[in-house]
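# Chains, contacts and geometry: an overview
Below are the chains, spelled out letter by letter.
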2 protein chains.
Amino acid sequence: MGRTKLYDPQVALSAIKEQFWANGFEGTSLHDLEVATKLPKQTLYREFGDKHQMYLKALGDYERTEIREAAKILSAESDARGAFQALFDAIINEVEGNNDRRGCFLCNASADRTSIDQEIGLQVVAMLDRWRKTFQTALGPAPQSKELSDVLLAGYIGFRILARAGLSAPQLRAIAGQLLNIIPTRSR
Amino acid sequence: MGRTKLYDPQVALSAIKEQFWANGFEGTSLHDLEVATKLPKQTLYREFGDKHQMYLKALGDYERTEIREAAKILSAESDARGAFQALFDAIINEVEGNNDRRGCFLCNASADRTSIDQEIGLQVVAMLDRWRKTFQTALGPAPQSKELSDVLLAGYIGFRILARAGLSAPQLRAIAGQLLNIIPTRSR
DNA sequence: TAAATTTGTTACCGTTGGGTAACGAATGAG
DNA sequence: CTCATTCGTTACCCAACGGTAACAAATTTA
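Here the structure is a predicted model, which means the values were calculated and not measured.

Let us now look at the overall build of chain A. Along the backbone of chain A there are nine helices and zero strands. Scanning chain A from its N terminus toward the C terminus, one meets helices and strands in the order α-α-α-α-α-α-α-α-α. If one aligns the C-alpha atoms of chain A with their principal axes, the spans along those axes are about 60 × 35 × 30 Å. Counting only residues that meet the buried cut, chain A has 52% of its 188 residues in that class. Total accessible area computed for chain A in this model is approximately 8600 Å², and 51% of it derives from carbon and sulfur atoms. Here chain A holds 24 positive side-chain charges and 23 negative ones, and the gap between their average locations is 2 Å.

Okay, structure coming up:
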């Protein structure tokens with residue numbers, strides 16, 4: 001029924017995500033999205049709905065890709081501190097190698113739309129809690145793993161915000177090192 | 001020379017700050033600023049320059065007022081952990097009492113404009129470092145006060161982002177409590 | 001092959017965006 | 001009192017904004 005799409009919706013959504021990630025909601029225009037996806041906005045509206053829904057779906061895609069990727073890094077290491085070390089290293093390497101200053105889309109969204117758009121706020125809070133649970137899992141059966149994951153989540157968000165703000169890689173490395181000290185050794 | 005102003009530039013700047021604080025750079029229109037300041041934009045341009053400069057001056061005013069206020073809270077307590085406890089309590093009380101979800105303007109700005117506008121980025125980084133130094137001062141002559149202030153800054157930013165995202169007061173209280181545990185007792 | 005459906009394209013809509021020009025009213029300095 | 005200066009107000013500018021309508025080309029199902 002009907003003609004087949006000449007574009008890949010998943011590729012388009014990924015491009016949309018990149019734009020919102022780098023420039024925020026208000027900082028991204030439909031024209032920007034047209035250029036990024038190489039699709040006319042008519043197609044974007046038909047495929048994804050309005051800008052608000054595009055943002056929500058971009059957040060969903062972020063969780064599906066980047067956050068899963070981070071979870072994989074976390075679970076690859078055998079001890080908790082090493083796991084988080086690997087996570088921070090990966091982020092700092094992105095900053096150093098590609099001068100990637102986008103930060104974390106979820107963290108940016110928390111500062112951006114949540115206090116204005118209620119629906120986005122709810123989704124962000126839900127994603128943040130799943131993110132925290134990912135941390136908790138990586139901490140293993142340590143006592144107080146819930147409390148530890150709380151403080152690590154706060155530290156992680158701050159770390160990524162500071163990376164976006166433009167702190168140098170050595171500065172970030174120092175902060176990451178201090179954050180790791182929060183994690184008790186031999187906790188897994 | 002010339003006629004005297006019928007408005008108070010300081011009051012106007014404070015209103016501008018409130019707007020950028022709540023809604024970000026792109027989320028704030030000149031019309032919003034006209035309404036908030038009760039001044040026509042012609043006057044705003046003459047007084048403060050373009051939108052970019054208004055934002056920079058709003059950030060400056062934030063440091064002059066809110067951050068000084070926080071520094072006062074920090075210095076009022078005799079021990080380091082009590083000082084930060086007082087700071088977090090003040091923030092949580094604002095959330096509970098007035099449902100203040102604006103978060104920290106400096107933290108929001110870090111996620112908002114820094115990776116796009118270089119000049120703002122530089123100012124934000126400078127302000128963040130002064131903010132960290134404020135933390136370091138509050139920590140007193142503890143060993144590793146520099147490193148401790150780094151991790152506390154990251155935790156503080158994450159905490160305020162989470163508050164803006166909409167976490168409940170009890171959740172915030174739990175996180176704040178965990179952050180305080182980072183600070184060694186009797187460190188001052 | 002016929003019909004229904006969904007595509008890609010073009011054009012358009014009204015609103016709002018940031019920013020500026022022009023000008024009379026007011027008030028300071030000399 | 002005079003005059004240069006700075007005020008407040010009105011009007012305007014054009015580009016960009018998010019969003020929609022209309023339609024022909026294409027393609028799958030029946």
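With that settled, the discussion passes to the relation of the copies chain A and chain B. Each of the two chain copies goes to the other by way of a rotation about an axis and a shift along it. Mapping chain A onto chain B is achieved by rotating through 180° and translating by 0.0 Å along the same axis, at an RMSD of 0.0 Å. Taken together, the rotation and translation relating the two chain copies correspond to the operation of a two-fold axis. Looking at the interface residues of chain A, 100% of them are also at the interface in chain B, so both copies use one shared face.

Turning our attention to the side chain of B:Thr28. Tracing the sequence through the fold places B:Thr28 in the loop between α1 (9-23) and α2 (30-37). Side-chain polar atoms of B:Thr28 contact the backbone oxygen of B:Gly24, separated by 2.7 Å.

Moving on, we come to the pattern of salt bridges. All names here are of chain A. In this structure the tally under the stated criterion is 24 salt bridges over all chains. Between glutamate 66 and lysine 17 there is a salt bridge; the shortest N-O distance is 3.8 Å. Of the two residues, glutamate 66 is situated in helix α4 (residues 51-76) and lysine 17 in helix α1 (residues 9-23); the sequence distance between them amounts to 49 residues. On the basis of relative accessible area, glutamate 66 is assigned to the partly exposed category, the value being 30%. Lysine 17 sits in the buried class, given a relative accessible area of 2%. With its nearest N and O atoms 2.8 Å apart, the salt bridge here joins lysine 133 to aspartate 129. Residue lysine 133 and its partner aspartate 129 are located together in helix α7 (residues 118-139), separated by four residues, close to a single helical turn.

On the side of chain B, 37 residues touch chain A, which itself brings 37 residues to the contact. Of the roughly 2700 Å² buried at the junction of chain A and chain B (both faces included), carbon and sulfur atoms supply 71%. Taken together, the links from chain A to chain B amount to five residue pairs in polar contact (both at pLDDT 80 or more). Contributions of two or more residues to the side of chain A that touches chain B are made by α1, α6 (105-112), α7, α8 (145-165) and α9 (169-180) of chain A. Examining the composition of the side of chain A that touches chain B, we find that 13 residues originate from one element, α8(A), more than from any other. Across the side of chain A that touches chain B, the residue classes break down as 20 nonpolar, 11 polar and six charged.

Let us look at helix α6 (residues 105-112) of chain B. Across the eight residues of α6(B), eight count as buried, placing the element largely inside the fold. Where α6(B) is concerned, the buried positions are B:Phe105, B:Leu106, B:Cys107, B:Asn108, B:Ala109, B:Ser110, B:Ala111 and B:Asp112. Where α6(B) is buried, its residues contact α6 and α8 of chain A together with α1, α4 (51-76), α7 (118-139) and α8 (145-165) of chain B.

Moving on, we get to the protein's contact with DNA strand D. Among the 23 residues in the neighbourhood of DNA strand D, the closest are listed as A:Leu30, A:Lys41, A:Gln42, A:Lys51 and B:Arg46. At the protein interface, 57% of the atoms of DNA strand D within 4 Å belong to sugar or phosphate. Side-chain polar atom of A:Arg3 to a base nitrogen of DNA strand D: 3.5 Å apart, as the coordinates give it. A:Lys51 places a polar side-chain atom, nitrogen or oxygen, 2.7 Å from a phosphate oxygen of DNA strand D. If you list the elements that add at least two residues to the surface near DNA strand D, you get α2 (30-37) and α3 (41-48) of chain A together with α3 (41-48) of chain B. Taken together, the residues that form the surface near DNA strand D break down as seven nonpolar, nine polar and seven charged.

On to the side chain of B:Ser145. Residues and elements named next belong to chain B. Along the chain, serine 145 turns up in helix α8. Looking at serine 145, the relative accessible area reads 11%, which means it is buried. A distance of 3.2 Å separates the side chain of serine 145 from the side chain of glutamine 136, its partner in a polar contact. If we skip the residues at most four places from it in the chain, serine 145 touches Gln136, Leu139 and Gly140.

Time to look at the packing of aromatic side chains. Following the criterion strictly, the structure yields 26 aromatic pairs over all chains and no others. Between B:Trp21 and B:Phe105, the aromatic rings sit 6.5 Å apart at their centres with planes inclined by 20°, giving stacked as the arrangement. Placement of the pair is B:Trp21 in helix α1 and B:Phe105 in helix α6, with a sequence separation of 84 residues. When sorted by exposure, B:Trp21 lands in the same class as B:Phe105, which is buried. Measuring from ring centre to ring centre gives 5.6 Å for B:Tyr55 and B:Phe105, while their planes differ by 80°; the resulting arrangement is edge-to-face. Taken together, the residues B:Tyr55 in helix α4 and B:Phe105 in helix α6 connect sequence positions 50 residues apart. With respect to class, B:Tyr55 is no different from B:Phe105; both count as buried. Here a set of aromatic residues connected by ring pairs shows up, and it is made of A:Phe20, A:Trp21, A:Phe25, A:Tyr55, A:Tyr62 and A:Phe105. Here the basic side chain of A:Lys51 rests over the ring of A:Phe25, its NZ or CZ set 4.6 Å away from the ring centre.

Definitions and limits used
Numbers given to residues run from 1 along each chain, matching the order in which its sequence is written. Here chains are named by letter from A upward and ligands by number from 1 upward, in the order in which they appear as written. In keeping with the predicted nature of the model, local features appear solely for residues at pLDDT of at least 70, side-chain atom pairs appear and are counted solely at 80 or more, and the whole-chain, interface and lining totals rest on all residues. The side-chain figures draw on all heavy atoms in the structure; neither hydrogens nor water molecules are used. The helix and strand labels rest on DSSP assignments: H or I over at least four residues marks a helix, E over at least two residues marks a strand, and numbering proceeds from the N terminus. When accessible area is computed with a 1.4 Å probe and restricted to protein chains, residues below 20% of their type maximum are described as buried, those above 50% as exposed, and intermediate ones as partly exposed. Each accessible area is a Shrake-Rupley estimate made with a 1.4 Å probe; only the visible protein chains count as cover when residues are assessed. Lys and Arg are tallied as positive, Asp and Glu as negative. Neither His nor the chain termini are counted. In this description, the location of a charge corresponds to atom NZ of lysine, CZ of arginine, CG of aspartate or CD of glutamate. What sets the superposition is a least-squares fit of C-alpha atoms, and only residues with pLDDT of at least 70 in both copies go into it. Should any heavy atoms of two residues lie within 4.5 Å, those residues are counted as being in contact. Contacts described as polar in this section are N or O atom pairs within 3.5 Å, which, within protein, must combine one atom able to donate a hydrogen with one able to accept it, while residues neighboring in sequence count only if both atoms come from side chains. Whenever Lys or Arg places a side-chain nitrogen within 4 Å of a carboxyl oxygen from Asp or Glu, that contact is recorded as a salt bridge. Throughout, buried area stands for the accessible area (probe radius 1.4 Å) lost by two parts on being put together, summed over both. Gly is put with the polar residues, along with every residue not named as nonpolar or charged; the nonpolar set is Ala, Val, Leu, Ile, Met, Phe, Trp, Tyr, Cys and Pro, and the charged set is Asp, Glu, Lys and Arg. We call a residue near a molecule or strand when any one of its heavy atoms sits within 4 Å of it. Here a Phe, Tyr or Trp ring, Trp counted by its six-membered ring, pairs with any other such ring whose centre lies within 6.5 Å, and the pair is stacked when the planes are under 30 degrees apart, edge-to-face when over 60, and tilted otherwise. Whether a charge lies above a ring is judged from NZ of Lys or CZ of Arg, which has to be within 6 Å of the ring centre and within 35 degrees of the ring normal.

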